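Reading the structure
So the chains spell out like this:
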Amino acid sequence: MAAQEIESGTSWGKELWDQFDNLATHTQKGIDFFERFGNFIRDRSAIEVEYALKLRRLVKNYQPKKSKEDEENEFSSLIAFKNVLKEVADLAGQREVVAENLQNQVLQNIMLLSKILREERKKALNQGAGLTQSLHTQIGTLDRAKRSYEKAFREAEKAIESYHKADADFHLSRADVEKQRVNMNIRNSQSEDAKSEYANQLQITNKQQQQHYQIALPEVFNKLQELDEKRTRGMKEFIKRAADVEYEVSPIIARCLEGMVKAADSINEKDDSMIVIEKYQSGFQPPGDIPFEDLSKSDPDASNNSQTHNSSTGLNHMTGKGTTKDKLKKRVGIFGIFTGNKNNLSTDGLKEDFSDLPPTQRRKKLTAKVQELQQKVAQEQAASDGLMKMKGVYEANSMLGDPRTVEEQLNESVNRLDRLRHELGRYQKLLEQANNQTFIQHSPQSNRVTQNGQRSSRHSNGSSNHENSHEDNGEDHPDDAGSLSRSASESSVQQAQNGLNINNNGSSASPESGLGTSHTSLPGSGQGSTNEQPMNEEYYEAETPLGTCRALYPFDATSEGSIPMSEGEELQVIEVDQGDGWTRVRRFSSKGWEEGFVPTSYIECTLYA
């Protein structure tokens, strides 16, 4: 194409025959501009790399932290955001592809072509400079021949004129005239020789000049034109190639954007709301209506409450002085069945029986634990069956192996399987109890405790004497300690509430019941009496009150083990809430000392410092 255009009359050699210096400057600027375009591609590639790096850092910084609980209950919005982060990471990868292709397919070729153009331009300019110098040399030779011819011609004319003067002068001798004539002939001869040389140099110069401007120099200019057009074509091709590099990754980028849209469409606000319910539902019932207080009517319980308060205050003073640390530890061991083992925690900070969780959350944890144990039992059973088959094969053919090597592994597998089945049975029992249990507690979110006269959030773990109150005798039943203490105590408290006399021949007076109704039920107090009598202060020296509480709302005891209370009534706190929404209290009434459980959200506690 370039040769056709040059032949058609649009060549630099024909049109710009006298613009050698301008063409040299133009081609230099063109190559400089071409290299500047290469620098642009290089800088753009660096920006793409930096952009990809920042995108990857952005994905890393905003990657949600993984937790077992989140994996179980992942919101659709969180899943969608994780998918968006994956798509952004893919976008970063595509930007890296763009940067790599720009460097390998565009920038390197630009630098290579620029080097070739510079070499061709230098060669063409050197050739043009040589031709120009040769022409200038020939022109200089012509000028010297012309000056010699001019000098010889003037001297010849002067010699002719001197000869004519001498010939006309009669005073000169014939010898002088002859001398002038010889000089004239010499000058004329020199002039003719100089004229011939001048004519010859002129012919040579004209021929060289014609060759220079019509053939040699146009070839140089055409070479410059060709390399400049090559540079322009390269600019065109590399711009298109840079666009193609971007265009090649555009389908993948489009799929990434489609993935983001798909991730957004996967968000379901209703499903997320259900996950929140499953994650935080406690299973507690909301509090009932607050009864209306008619101040115009006399309150028969007012004097009773005052008496109860005074009695409890006196009892606090008595128990504070009459109980030693050794005696307290011994008696706490008797009543330790009411307190869970706080050190019996699972790896996630929860109790092994999950008794510190709300009912619904406890059932979920127990269900997950049962499923996990079932999977472990199935895996261990499969491993045991495999070992049994291997043992049978070895016994049938002793050449394959020694059965005794498998027997030891089989015994270990059987032991692990027994332990897993035992643990599975325990958790299945706990799950059955949790499913069959009826909860009437109110939500613990409204619970408040006043410690040292200040209100605080209701998450106390009790006093230090409760931390050691559950002394295990080595039996493998840490998971049902809480349920046993509550069920046993509820039975005994209900009997005490109904005014029944419990002696040491009755089942409720055993240590497992956790409570007695008279001092005769305590160890070392002798045989139980059949006479009906209220509980006295000696019995309650076993547990020092942890504080006092005031009833915020009236409560009717509707379940076994709970005691009623009226609004404003003050009671003694025996055991703080263990996470199930109930607090163990006692009070003095007309029947004697009563003890049982009340909803934690119905009371305001003041614990002793």
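Residues numbered from 1 in each chain as written. Predicted model: local features only at pLDDT ≥ 70, side-chain atom pairs only at ≥ 80, totals over all residues. Heavy atoms only, no water.

1. A short note on the overall build of the protein
The helix and strand inventory of the protein stands at 13 helices and seven strands. Taking the intrachain contacts of the protein between residues at least 6 apart in sequence as the baseline, contacts between residues at least 24 apart amount to 74%. Total accessible area on the protein stands at roughly 36100 Å², and carbon and sulfur atoms take up 51% of it. (Helix = DSSP H or I, 4+ residues; strand = E, 2+ residues; numbered from the N terminus. Contact = heavy atoms within 4.5 Å. Areas by Shrake-Rupley, 256 points an atom, 1.4 Å probe, with all protein chains shown as cover.)

2. Comments concerning the pairing of strand S3 (residues 547–551)
Residues Gly547, Cys549 and Ala551 line the buried face of S3, whereas the alternating positions Thr548 and Arg550 sit on a face that is not buried. Examined bridge by bridge, S3 and strand S4 (residues 570–575) share four bridges and lie antiparallel to one another. When the bridges of S4 are listed, Arg550 appears paired with Glu570. Both S3 and strand S7 (residues 603–607) contribute to a ladder of five bridges, which runs antiparallel. Bridging from a neighbouring strand, Ala551 pairs with Ile603 of S7. (Buried < 20%, exposed > 50% of the residue type's maximum accessible area, 1.4 Å probe, protein only. Pairing = 2+ DSSP bridges.)

3. Here's the deal with the nonpolar core
Within the largest apolar cluster, 30 residues are counted, with the highest numbers of intra-cluster contacts made by Ile41, Leu102, Ile110, Phe221, Leu224 and Phe238. Mapped by element, the contributors of at least two residues to this core are helix H3 (20–61), helix H5 (76–168) and helix H6 (174–265). Ranked by residue count, the leading element in this core is H6, at 12 residues. Once you skip the residues sitting within four places of it in the chain, Leu224 turns out to touch Trp12, Leu23, Thr27, Arg121, Ala124 and Leu125. Ranked by size, the runner-up nonpolar core spans 17 residues in total, among them Cys549, Met565, Leu571 and Val576. (Core = buried A, V, L, I, M, F, W, Y, C linked by side-chain atoms within 4.5 Å.)

4. Description of the pairing of S4
With five of its six residues buried, S4 lies for the most part within the structure. Across three bridges, S4 lies against strand S5 (residues 582–589) in antiparallel orientation. Residue pairing for S5: Val573 is matched across the bridge by Val585. As consecutive antiparallel partners, S4 and S5 are separated by six residues, and within that stretch Gly579 has a phi angle of approximately 105°, a positive value.

5. What to know about the pattern of salt bridges
Enumeration over the complete set of coordinates arrives at 22 salt bridges. In this structure, the salt-bridge partner of Glu178 is Arg181, at a minimum N-O distance of 1.9 Å. Of this pair, Glu178 and Arg181 both sit in helix H6, three residues apart, roughly one helical turn. Residue classification places Glu178 among the partly exposed positions, given a relative accessible area of 36%. Judged by relative accessible area, Arg181 falls into the partly exposed class, the value being 30%. Put simply, Glu594 and Arg587 hold a salt bridge, and the shortest N to O gap is 3.2 Å. Of the two residues examined, Glu594 and Arg587, each falls in the buried class. One salt-bridge network, in which partners are shared between bridges, spans Arg44, Glu48, Arg95 and Glu246. (Salt bridge = Lys/Arg side-chain N within 4 Å of Asp/Glu carboxyl O.)

6. Section: helix H7 (residues 269–280)
Because each turn of an α-helix spans 3.6 residues, side chains separated by three or four positions in sequence point in the same direction. With 12 residues, H7 ought to run about 16 Å at 1.5 Å a step, and its terminal C-alpha atoms sit 17 Å apart, in line with that. Within H7 the residues assigned to the buried category are Asp272, Ile275 and Lys279. Viewed along the axis of H7, the buried residues span an arc of 55°, placing them on a single side of the element. (Expected span 1.5 Å × (residues − 1). Arc of directions from axis to C-beta.)

7. Structural notes on the state of the cysteines
The final tally for this structure, using the stated rule, is zero disulfides. Among the cysteines around Cys549, which has no disulfide bond, Cys605 carries the closest sulfur, lying 4.9 Å off. (Disulfide = S-S within 2.5 Å.)

8. Examining the side chain of Glu595
Tracing the chain through its elements places Glu595 in strand S6 (residues 592–599). The exposure class of Glu595 is buried, given its relative accessible area of 4%. Among the polar contacts made by the side chain of Glu595, one reaches the side chain of Arg584 at a distance of 2.5 Å. (Polar contact = N/O pair within 3.5 Å; in protein donor to acceptor, adjacent residues only side chain to side chain.)

9. Some words on the packing of aromatic side chains
Inspection of every chain in the model, using the stated rule, returns 10 aromatic pairs. Aromatic pair Phe37 and Phe40: ring centres 6.2 Å apart, planes at 25°, arrangement stacked. Highlighted residues: Phe37 and Phe40, both in helix H3, separated by three residues, approximately one helical turn. We classify Phe40 as partly exposed; its relative accessible area is 49%. Seen from their ring centres, Phe555 and Tyr602 are 5.8 Å apart, and the 80° between their planes marks the pair as edge-to-face. Of this pair, Phe555 sits in the loop between S3 and S4 while Tyr602 sits in the loop between S6 and S7; the two residues are 47 residues apart in sequence, bridging distant segments of the chain. For the pair Phe555 and Tyr602, one class covers both residues: buried. Joined through ring pairs, the aromatic side chains of Tyr553, Phe555, Trp582 and Tyr602 make up one cluster. (Phe/Tyr/Trp six-rings, centres within 6.5 Å; stacked < 30°, edge-to-face > 60°.)

10. Quick word on the confidence of the model for the protein
Per-residue pLDDT for the protein averages 74, and the proportion of residues at 70 or more is 71%. Confidence scores differ between elements of the protein, with helix H9 (residues 325–335) showing the lowest mean pLDDT of 35 and H3 the highest of 93. Low confidence marks residues 302–343, where pLDDT is under 50. Its contacts with residues over four positions away, or in another chain, come to 79 contacts. Low pLDDT (under 50) marks residues 438–542, which in the prediction has 217 contacts with non-local residues, meaning those over four places away or in another chain. (pLDDT = per-residue confidence, 0-100.)

11. Points about H6
With 92 residues, H6 extends 131 Å from end C-alpha to end C-alpha; this agrees with the ideal 136 Å at 1.5 Å per step. Of all bends in H6, the biggest is about 45°, found at His212. (Bend = angle between axes of the 7 residues up to and from the residue.)

12. Details of the side chain of Arg95
Within the fold, Arg95 resides in helix H5. Within the structure, Arg95 has its side chain in polar contact with the side chain of Glu246 (distance 3.0 Å). Contacts of Arg95, omitting those with residues within four sequence positions, involve Glu48, Tyr51, Ala52, Leu55, Glu246 and Ile253.

13. Some words on the packing of helix H10 (residues 359–396) against helix H11 (residues 403–436)
Where H10 contacts H11, the axes come no closer than 8 Å and their chain directions differ by 160°. By the angle class used here, H10 and H11 are roughly antiparallel. In this structure, H10 meets H11 at a crossing whose hand is left-handed. (Axes fitted to C-alpha atoms, helices over the stretch in contact; angles between N-to-C directions. Parallel < 35°, antiparallel > 145°, perpendicular 65-115°, else oblique. Left-handed = near helix turned anticlockwise from the far one by under 90°.)

14. Regarding a nonpolar patch on the surface
Where nonpolar side chains cluster on the molecular surface, the patch consists of Leu58, Tyr62 and Phe81 and spans about 300 Å² of accessible area. For Leu58, the location among the structural elements is in helix H3. Here Leu58 falls in the partly exposed class, since its relative accessible area comes to 39%. (Patch = residues over 30% accessible without salt bridge, like charges linked within 9 Å, V, L, I, M, F, W, Y side chains within 5 Å.)

15. Observations concerning the environment of Val406
Turning to its location among the elements, Val406 is positioned in helix H11. Taking the C-alpha atoms as reference points, Val406 and Met388, separated by 18 residues in sequence, lie 8.2 Å from one another. Setting aside its immediate chain neighbours within four residues, Val406 contacts Leu387, Met390, Lys391 and Tyr394.

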